[in-house]
Amino acid sequence: MYDTPMNAGYHQAFAWLWAPCLLVVAVFTARYWAWLRSGRPGWRGPLLAVVMWPMLMLASAPYVLLINSFADHGWAVYRGPVIDKHITGGRSRASVVTVRDTGGRGELSVALAPADYERARIGQIMQCRYRIGVLRIPFRWRRADSGPVCARMDS
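Visitor: Let's hear about the overall build of the protein: which residues, and what values?
Guide: The secondary structure content of the protein amounts to four helices and seven strands. Starting at the N terminus and walking to the C terminus, you meet the elements of the protein as β-α-α-α-β-β-β-α-β-β-β. Taking 155 residues into account, the globule formula puts the C-alpha radius of gyration at 15 Å, and the protein, at 20 Å, lies well above it. Dimensions of the protein along its principal axes, counting C-alpha atoms only, are 70 × 35 × 30 Å.

Visitor: Please set out a nonpolar patch on the surface residue by residue, giving values where relevant.
Guide: A contiguous nonpolar patch, built from Trp43, Leu47, Val51, Met52 and Met55 and spanning about 520 Å² of accessible area, is present on the exposed surface. Mapped onto the elements of the fold, Met55 is located in helix α3 (residues 44-68).

Visitor: Requested: an account of α3, with residues and values cited.
Guide: End to end, α3 covers 37 Å across 25 residues, agreeing with the expected 36 Å (1.5 Å per residue, within 8%). Of all the positions in α3, only Gly45, Ala49, Met57, Ser60, Ala61, Val64, Leu65 and Asn68 are classed as buried.

Visitor: For the pattern of salt bridges, give the residues involved together with the corresponding values.
Guide: Pairs can form between side chains of opposite charge once their charged atoms are near each other. Here the structure, examined in full by the defined rule, presents three salt bridges. Across the salt bridge formed by Glu107 and Arg100, the nearest N and O atoms sit 3.0 Å from each other. Given the relative accessible area of 40%, Glu107 is considered partly exposed. Ionic pairing is found between Asp101 and Arg105, a salt bridge with its closest N-O pair at 3.0 Å. On the basis of relative accessible area, Arg105 is assigned to the partly exposed category, the value being 41%.

Visitor: So what's going on with the packing of aromatic side chains? Which residues, and what values?
Guide: All chains considered together, the criterion is met by three aromatic pairs. Relative to Tyr130, the ring of Tyr78 has its centre 6.3 Å away and its plane inclined at 75°; by these criteria the two rings are edge-to-face. With Tyr78 in strand β2 (residues 72-88) and Tyr130 in strand β5 (residues 125-133), this residue pair connects regions lying 52 residues apart in the sequence. For Tyr78, a relative accessible area of 7% corresponds to the buried category. Tyr130 gets classed as buried once you look at its relative accessible area, which sits at 0%. An angle of 85° between the planes, with centres 5.5 Å apart, marks the rings of Phe139 and Trp141 as edge-to-face. Taking NZ or CZ as reference, Arg31 lies 4.9 Å from the ring centre of Tyr32, over its face. The aromatic ring of Tyr78 is capped on one face by Arg105, whose charged end is 4.2 Å from the ring centroid.

Reading the values: rules and limits
Residues numbered from 1 in each chain as written. Predicted model: local features only at pLDDT ≥ 70, side-chain atom pairs only at ≥ 80, totals over all residues. Heavy atoms only, no water. Helix = DSSP H or I, 4+ residues; strand = E, 2+ residues; numbered from the N terminus. Rg over C-alpha atoms; globule rule 2.2 N^0.38 Å. Patch = residues over 30% accessible without salt bridge, like charges linked within 9 Å, V, L, I, M, F, W, Y side chains within 5 Å. Areas by Shrake-Rupley, 256 points an atom, 1.4 Å probe, with all protein chains shown as cover. Salt bridge = Lys/Arg side-chain N within 4 Å of Asp/Glu carboxyl O. Expected span 1.5 Å × (residues − 1). Buried < 20%, exposed > 50% of the residue type's maximum accessible area, 1.4 Å probe, protein only. Phe/Tyr/Trp six-rings, centres within 6.5 Å; stacked < 30°, edge-to-face > 60°. Lys NZ or Arg CZ within 6 Å of the ring centre and 35° of its normal.

Here is the structure:
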């Protein structure tokens, strides 16, 4: 349904929400400290707080992506050489190429169709198009956006 390069939703959620989520966990822990310590070993209350913060961070990323998709602000084109290619996963495999954007936006990891992955070569110039969302996170609709994510620019 929704595709982002570089796992952008999780990256942005961690960058933007680490402090607010930590504050929520700290306030909850302070408010319910007596309840967390009653009838339990003394270590369980702090352990719940330590475990709750990363869980909250992981759960917030889909909401960041949902908000990002409310409106798009045109297209962004990433263009540069392929610097790495590898196959990830176990049961569900993905053929991934990494493109270094010459526009200075960093590296872009993109899952390609197996046939496109086989044709891609290290050093080859590729161009990738993504929509820019309301939070400036690049994304593509998997079924609605026509054409491949990336295309080779040279042979």
